Structure formats: structure tokens, C-alpha cells
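# Structural features, examined
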Amino acid sequence: GVAVDSVGNIFVADSGNNRIVEIPVVNGTPSTASQRVLISDSALLAGQTLSAPEGIAIDGFGNLYVADTGNKRVVYLPNVEGWTAGLAQSLGSNLSAPSAVSLDTAGNVYVADADSGKVYELELPLSSGVQVTVASGYSNPSGIAIDASGALFVVDQGSQQVLRVLYISGTLVA
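Going along each chain's sequence as written, the residues are numbered from 1 onward. Per-residue local features of the predicted model are confined to residues with pLDDT of at least 70, and side-chain atom pairs are confined, for both listing and counting, to 80 or more; whole-chain, interface and lining totals are unaffected and use all residues. Side-chain metrics in this entry use all non-hydrogen atoms of the structure; hydrogen atoms and water are not considered.

Strands belonging to one sheet form pairs held by backbone hydrogen bonds; the direction of such a pair is parallel or antiparallel. Strand order in the open sheet made by the four strands is E7-E8-E9-E10, with antiparallel pairing throughout. Where the open sheet ends on each side, the last strands, each with one partner, are strand E7 (53–58) and strand E10 (89–91). Pairs of neighbouring strands in the sheet enclose a mean axial angle of 25°, with direction left out of account. For E7 and strand E8 (residues 64–68), the ladder comprises five bridges, and the chain directions are antiparallel. Bridging from a neighbouring strand, Pro 53 pairs with Asp 68 of E8. Note on pairing: DSSP must find at least two bridges between two strands before they are called paired. Under the DSSP-based scheme used, a helix requires at least four consecutive residues in state H or I and a strand at least two consecutive residues in state E, with every element numbered from the N terminus. As a rule, the C-alpha atoms of each element are fitted with a line to give its axis, helices using only the stretch in contact, and angles between N-to-C directions run from 0 to 180 degrees.

The subject of this paragraph is the side chain of Ser 99. Of note, Ser 99 is situated in strand E11 (residues 98–103). The contact criterion used throughout is that any non-hydrogen atoms of two residues lie within 4.5 Å. Excluding anything up to four places from it in sequence, Ser 99 contacts Glu 54, Gly 55, Ala 67, Thr 69, Ala 112, Ala 114, Pro 141 and Ser 142.

Once that is clear, we can look at the nonpolar core. Ranked by size, the top nonpolar core spans 17 residues in total, and within it Ile 20, Ile 39, Ile 56 and Leu 64 carry the most contacts. Of all the elements in the fold, those that place two or more residues in this core are strand E2 (10–14), strand E6 (36–39), E7, E8 and strand E9 (73–77). When neighbours within four sequence positions are excluded, Leu 64 is seen to be in contact with Phe 11, Leu 38, Ile 56, Ala 57, Ile 58, Val 75, Tyr 76, Leu 77 and Trp 83. Tyr 65, Leu 91, Leu 95 and Tyr 120 belong to the second-largest nonpolar core, a separate cluster that totals 13 residues. Among buried residues, those of type Ala, Val, Leu, Ile, Met, Phe, Trp, Tyr and Cys that are joined through side-chain atoms within 4.5 Å constitute a nonpolar core. For every residue, the accessible area obtained with a 1.4 Å probe (protein chains only) is divided by the maximum for its type, and the residue is called buried under 20%, exposed over 50%, and partly exposed between those limits.

Here's what the structure looks like:
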């Protein structure tokens, strides 16, 4: 997975190497020569190292959200003058294979769970632990995105389709 922050820095969930890589903007251009490992394969995040991270998202405050597929969780990594592994939190419950993560304009976190065929919303505040199924019936949701109107787009790899879930009056409607 790939995410881009407000200034153009690129963050990559490197699944094969169990790490997060940052490709910073240098003189207005992303610089692969200046890339760095932001979270290594040995960093403990909420008690576990990353295992096959697939999806990544970043909010307007620079907080990172990682679909930590192998550990069946989403990792929230707050940006407090940079990212510190010791501040990471695990989000989501009963996930089987979180494959993608996205955010809406309100900051709600959405997770595609490939094995269960569902998309979940992790409601604010994240500390509440409230997780709601907002879409289901997919055969392998592998990507998600939310547009400015609140519509949720789901890449269903199993059916080879991109599907739209509408957002109407504060509620996602399939």
C-alpha cells in the first residue's frame, strides 16, 4: 500500500520486508535516494513487529494507520514530533486479514478485511473500540478509498470489480 501526506511525502507498506518506508520530498520532488525505513521489521508496535503490512493511510495530522495483515490488526502510529514505535496502538477486533485502510474527512478509519469479505468502520474516538460492518459480501476486498462526498470505493479482487458504496445522510448505504 501507498499513502501520500499533504506535502507529498510518500509512505509505503513494504509487505515483503515487514516495514514502512518513507520517500521524502526534497526540493519539491520525491527522492528515492533520500528514502528511509520509518518502521523497521524489528520495531515493536503495540507489542508485536509488523507482519506483512499491506495497506497504509495518513491523516491531516501526519498520523499513520497500517493494515498489519499478518497480525490481524490495524496499527495506529501517532505523529508526535515524528513517529515513535512506543506510542503505537492496535485497532480493530476480530479482523482476519486486514488488507487496506482509508480515512474519511471526519477521521473515521475504514478497513477492508480480505478473508471475511467485509469493510469495517472504526468509529471515533478510536479509543472507544467501536467497530461497525459497513459493507459485506465481497470475495476478497483488497483496496478501499473514500472520496470527498463520503462515497466508499471497494476493490474486490475476487470478483475483479471496483464497487461503490454511497454515503447518504451520515450513513453508508450499499
